[in-house]
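As a plain string of letters, each chain reads:
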Amino acid sequence: MRAQEPAFLHAELNHPGQSPHAAELMARQLKGENAAVRELLLALSVGFALPGPLPADLQRKIDGGEVESLAALVERAEKAGLLTPDGTVVGPAQHALLTVAPTTKVHALQRELVTVYVTDGQPLGDFARELARGGLADQRVAAELEHAGDKALEHDPGLACQLYDEALLAGADEIATAARRAQAAAGDGDLDAATRIIDTLLVQEDPPDVRRGVNVAAAVWAQRGMLARGADAFSWLGAARLGPSAPLAAVAMVGCGNRPGADAVFKADAPPASPTLLAAAMTETGKGILESLAGDPHQALPVLIHASDMLNAAGAALPLPDTPAALAALAALNSGEPHLAETVCRAATAAGQGGNAAKPRLYLLQAWSAMQQDKLEDARLSINEASKANHWPLVPRDEFLRAALEVGLARRNGEIPELVMAWERAREAMLHTSVDLYSLLPWGELMITAARLRETRRVAHYLDEAKQLLERLGNPPLWAVPFHWAAAQAALLSESPADLAPHAAALARAAHHSHLAAVLATAGKAWVSVLAGRFQPADVEAAARGLGRVGMPWEGARLAGHAAARAEERKDMVRLLSCARDLHPQGTSAGNGTSGSGETRNAPTAETGNGMQPDGSGLSEREKEVARLVLEGKTYREIGEAIYISPRTAEHHIARMRRRLGAENRSDLLARLRLALSSENPPQE
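Residues numbered from 1 in each chain as written. Predicted model: local features only at pLDDT ≥ 70, side-chain atom pairs only at ≥ 80, totals over all residues. Heavy atoms only, no water.

Engineer: Describe the overall build of the protein chain, and please don't skip the residues or the numbers.
Structural biologist: Across its full length, the protein chain carries 38 helices and zero strands. Pairs at least 24 residues apart make up 64% of the contacts formed inside the protein chain by residues separated by at least 6 positions. Surface accessibility of the protein chain: about 29,600 Å² in total, with carbon and sulfur atoms responsible for 53%. (Helix = DSSP H or I, 4+ residues; strand = E, 2+ residues; numbered from the N terminus. Contact = heavy atoms within 4.5 Å. Areas by Shrake-Rupley, 256 points an atom, 1.4 Å probe, with all protein chains shown as cover.)

Engineer: Tell me about the pattern of salt bridges, and please be specific about residues and values.
Structural biologist: Any two side chains of opposite charge can pair, so long as their charged atoms come close to each other. Here the structure, examined in full by the defined rule, presents 34 salt bridges. Residue R76 pairs with E68 through a salt bridge whose shortest N-O separation is 2.9 Å. Residue R76 is classed as buried on the basis of its relative accessible area, which comes to 3%. In this structure, E445 engages R411 in a salt bridge whose closest nitrogen and oxygen atoms are separated by 2.7 Å. (Salt bridge = Lys/Arg side-chain N within 4 Å of Asp/Glu carboxyl O. Buried < 20%, exposed > 50% of the residue type's maximum accessible area, 1.4 Å probe, protein only.)

Engineer: Any chance you could break down helix α10 (residues 157-169) for me, citing the residues and the numbers?
Structural biologist: Look at α10: 19 Å from first C-alpha to last across 13 residues, which is about the 18 Å you get at 1.5 Å a residue. Within α10 the residues assigned to the buried category are P157, G158, A160, C161, L163, Y164, E166 and A167. Tucked into the core, α10 has its buried residues touching α8 (126-133), α9 (139-153) and α11 (178-188). Downstream of α10 by a residue or two, G171 has a phi angle that is positive, lying close to 110°. (Expected span 1.5 Å × (residues − 1).)

Engineer: Give me the lowdown on the packing of helix α13 (residues 210-223) against helix α14 (residues 227-237), citing residues and values where you can.
Structural biologist: When two helices pack together, their arrangement is given by the angle between the helix axes and by the axis-to-axis distance. Here α13 crosses α14 at 165°, and the two axes come no closer than 6 Å. In terms of axis orientation, α13 runs roughly antiparallel to α14. In the packing of α13 onto α14, the handedness of the crossing is right-handed. In this structure, α13 uses V210, R211, V214, N215, A218, W221 and A222 to contact α14, whose residues at the interface are L227, R229, G230, A233, F234, W236 and L237. (Axes fitted to C-alpha atoms, helices over the stretch in contact; angles between N-to-C directions. Parallel < 35°, antiparallel > 145°, perpendicular 65-115°, else oblique. Left-handed = near helix turned anticlockwise from the far one by under 90°.)

Engineer: Account for the packing of helix α22 (residues 359-372) against helix α23 (residues 376-387), with residues named and values stated.
Structural biologist: In the contact formed by α22 and α23, the axes pass within 8 Å of each other and the chain directions differ by 170°. Accordingly, the angle class assigned to the pair α22 and α23 is roughly antiparallel. Taking contact as the criterion, the partners of P360, Y363, L364, Q366, A367, A370 and M371 in α22 are, on α23, L376, D378, A379, S382, I383, E385 and A386. By residue class, the composition of the contact of α22 with α23 is ten nonpolar, two polar and two charged. (Nonpolar A, V, L, I, M, F, W, Y, C, P; charged D, E, K, R; others polar.)

Engineer: Report on helix α18 (residues 277-291), specifying residues and quantitative values.
Structural biologist: Look at α18: 20 Å from first C-alpha to last across 15 residues, which is about the 21 Å you get at 1.5 Å a residue. Among the 15 residues of α18, eleven are classified as buried, and the element is accordingly described as predominantly covered. Those residues of α18 that are buried lie in contact with α16 (246-255), α17 (259-265), α19 (300-314) and α20 (324-334).

Engineer: Give a description of the packing of aromatic side chains that names residues and reports values.
Structural biologist: Per the stated rule, a full pass over the model turns up four aromatic pairs. In textbook terms, an aromatic cluster arises when at least three aromatic residues are bridged by ring pairs, as seen for F400, W443 and Y462. In this structure, R241 is placed above the aromatic ring of W236, and the distance from its NZ or CZ to the ring centre is 5.5 Å. (Phe/Tyr/Trp six-rings, centres within 6.5 Å; stacked < 30°, edge-to-face > 60°. Lys NZ or Arg CZ within 6 Å of the ring centre and 35° of its normal.)

Engineer: Tell me what's going on with the environment of D582, and back it up with residues and numbers.
Structural biologist: Relative to the elements of secondary structure, D582 occurs in helix α33 (residues 570-583). Sequence separation of D582 and G556 is 26 residues, and the distance between their C-alpha atoms is 9.8 Å. Among the polar contacts listed, one links the side chain of D582 to the side chain of R545, at a separation of 3.0 Å. (Polar contact = N/O pair within 3.5 Å; in protein donor to acceptor, adjacent residues only side chain to side chain.)

Engineer: Which residues make up the nonpolar core, and what values go with them?
Structural biologist: Generally speaking, soluble globular proteins have nonpolar side chains that are buried together. Membership of the largest hydrophobic core comes to 101 residues, with the highest contact counts inside it found for F234, L437, Y438 and L446. Other than its neighbours up to four places away in sequence, L437 contacts V254, G255, L293, L469, L470, L473 and W479. Counting 61 residues, the second-largest nonpolar core is a separate cluster that includes L40, L113, F127 and L131. (Core = buried A, V, L, I, M, F, W, Y, C linked by side-chain atoms within 4.5 Å.)

Engineer: Describe unusual backbone geometry, naming the residues involved and giving the relevant values.
Structural biologist: Looking along the chain, the bond that leaves L50 and enters P51 is cis, with omega of 10°. Within the element layout of this structure, P51 appears in the loop between α3 (35-46) and α4 (56-63). Positive phi is not limited to glycine here, since D209 has a value of about 55°. Structurally, D209 can be placed in the loop between α12 (191-202) and α13. Of the residues examined, D209 reaches a relative accessible area of 32% and is grouped as partly exposed. Even without being a glycine, R454 presents a positive backbone phi close to 60°.

Engineer: Could you give an account of the environment of A252, with specific residues and numbers?
Structural biologist: Relative to the elements of secondary structure, A252 occurs in helix α16. Considered as a pair, A252 and G230 are 22 residues apart in the sequence and their alpha carbons are 6.5 Å apart. If we ignore the near neighbours within four places in the chain, the residues touching A252 are L227, G230, A231, F234 and P321.

Engineer: Could you give an account of the confidence of the model for the protein chain, with specific residues and numbers?
Structural biologist: Mean pLDDT for the protein chain: 85, with 89% of residues reaching 70 or above. Taken as a whole, residues 1-18 scores under 50 in pLDDT and shows 33 contacts with residues more than four places along the chain or in a different chain. Throughout residues 587-616 the model reports pLDDT below 50, and contacts reaching past four residues in sequence, or to other chains, amount to 62 contacts. (pLDDT = per-residue confidence, 0-100.)

Engineer: Talk me through the environment of E555; I want residue IDs and the actual numbers.
Structural biologist: Its place among the elements puts E555 in helix α32 (residues 553-566). Judged by its relative accessible area of 8%, E555 is buried. The contact partners of E555, leaving out residues within four places of it in the chain, are R412, Q489 and L547.

Rendered as structure tokens:
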């Protein structure tokens with residue numbers, strides 16, 4: 001005989017949404033003759049599915065005739081409005097059943113359901129995540145979540161972080177998973193979490209998965225701007241336990257000046273640890289770094305590019321002291337090939353090399369490549385991309401690189417207030433990092449700016465560390481030449497022949513093995529001759545164009561522009577100004593949007609006549625450029641350097657504008673220039 005349905009099933013639960021307490025009331029009152037319906041609904045709420053299998057206890061009661069048949073139970077639940085035709089418990093009822101049922105009962109049913117999955121050989125999938133988040137401790141669930149985290153670790157560290165956290169909730173061993181959890185956190189860019197996890201591992205007496213843990217520790221130290229600490233971590237691990245991590249140890253040790261240590265743990269001719277893309281990429285990275293220390297370092301760049309290509313293809317986000325793409329970009333920049341550095345960084349960024357943690361550095365090196373090629377707007381765009389590459393703040397190493405970039409851009413724009421502000425930010429960033437081989441480019445830029453701002457004392461001890469590091473490595477030309485060039489420029493700005501001499505000599509010595517060194521040595525001699533007022537225009541032009549050919553057009557234009565301002569003969573001045581415009585056609589610190597082609601096209605007219613015909617403002621295009629610089633407070637010399645005209649020509653432009661505008665004095669001229677320039681963009685009605 002069919003059990004009598006309680007009145008509340010019809011009174012309230014045929015329309016459970018009408019009362020907020022209806023579902024809970026139902027869950028509490030489904031007992032006695034209706035207990036079997038409750039058992040069925042609870043089992044389905046936990047995750048069992050019709051037509052079965054069902055929980056063993058309920059199935060036993062149905063098979064033994066203690067309760068109605070399964071079909072009858074389902075029919076009663078459907079008529080009561082608690083079960084949909086597809087076998088799903090309605091939302092309010094499901095919530096109420098799971099809330100009211102004892103936790104031990106729910107967990108017992110969940111474990112029984114896991115057994116069903118395991119017996120049938122079915123993966124739990126996302127259901128394992130639900131169980132863990134619901135508080136079920138079960139080693140089978142934990143093991144499946146760990147396995148899923150392992151699969152995601154090298155390709156989606158963010159997902160791996162979530163899966164490992166859920167595995168811990170399900171009862172996974174905290175220490176056994178520590179190295180993998182730290183790798184996931186570091187790969188996702190969360191250095192603080194990675195550090196906390198790895199510290200709990202490395203203090204153990206016999207830490208499991210210790211090599212992976214040291215890899216993570218070294219990568220985190222490198223991103224914090226303390227590469228030497230990462231090298232120490234590899235030394236602590238010891239050569240016997242390094243295994244496939246030997247190339248990474250070599251990168252860290254070379255980076256902090258320990259060539260003997262690198263040679264002891266990694267042999268450049270050693271085969272990869274396994275015949276995989278990943279192992280080959282790591283081996284080539286170590287080999288490329290050692291090649292970069294040779295007297296003739298030309299082989300280093302292709303080896304590092306091959307390593308970067310292989311890691312791009314492998315698609316793995318590993319904990320690394322530095323990515324092969326970043327190292328290849330540095331080698332290209334130090335070889336006078338910034339366009340190649342930019343290409344390598346773009347490819348690595350598109351491939352996701354190194355995961356989220358590596359993205360900002362790749363974007364910043366791309367920005368440095370653009371800045372060196374005088375593509376300042378492209379550089380700013382790449383800096384912006386770096387700042388939003390992931391949801392974590394820039395790590396100290398990347399923040400330092402960004403600060404140096406901002407200084408470099410401000411120096412090239414010629415804006416002293418902007419340069420001073422950028423310098424102050426860079427000074428703070430310096431305090432959070434240390435000198436290593438892979439940070440010499442930004443240190444060189446800061447050395448030049450410090451000399452410009454008479455702040456050399458602020459960076460002196462860092463520069464001493466850089467010199468000592470290079471000396472420990474035997475002054476390898478690839479890394480030493482750009483640093484000596486920066487030091488030579490700083491000495492020229494400081495008007496210090498004594499400081500210039502050793503760096504000029506170092507460039508001259510390296511010129512026998514390095515084309516870049518030969519170009520820079522020639523440019524250095526040209527600078528000295530210009531500042532001394534005894535130069536041959538042809539030699540200066542050759543030196544300037546040489547700088548342009550090795551990816552330094554701004555530096556070449558600056559050399560030619562300074563020489564033009566000091567030329568005694570008008571024909572020499574015009575020749576050098578033409579050279580400056582060829583190298584830096586958009587050169588103006590006013591930021592007025594003048595195109596490169598227009599600048600070059602109008603140059604002869606600007607020097608020999610009144611420029612293009614004045615428009616409604618009463619000024620020619622060239623005069624507008626000069627006017628903007630006058631309003632910024634530039635001197636004749638600064639105006640000449642900014643747009644590559646002589647100071648005398650700048651003075652003539654200003655005198656001509658004063659006459660044309662009828663200005664009686666300087667303040668009157670400034671007022672009239674503001675009015676004339678405002679006519680270019682009249683207010684909208």
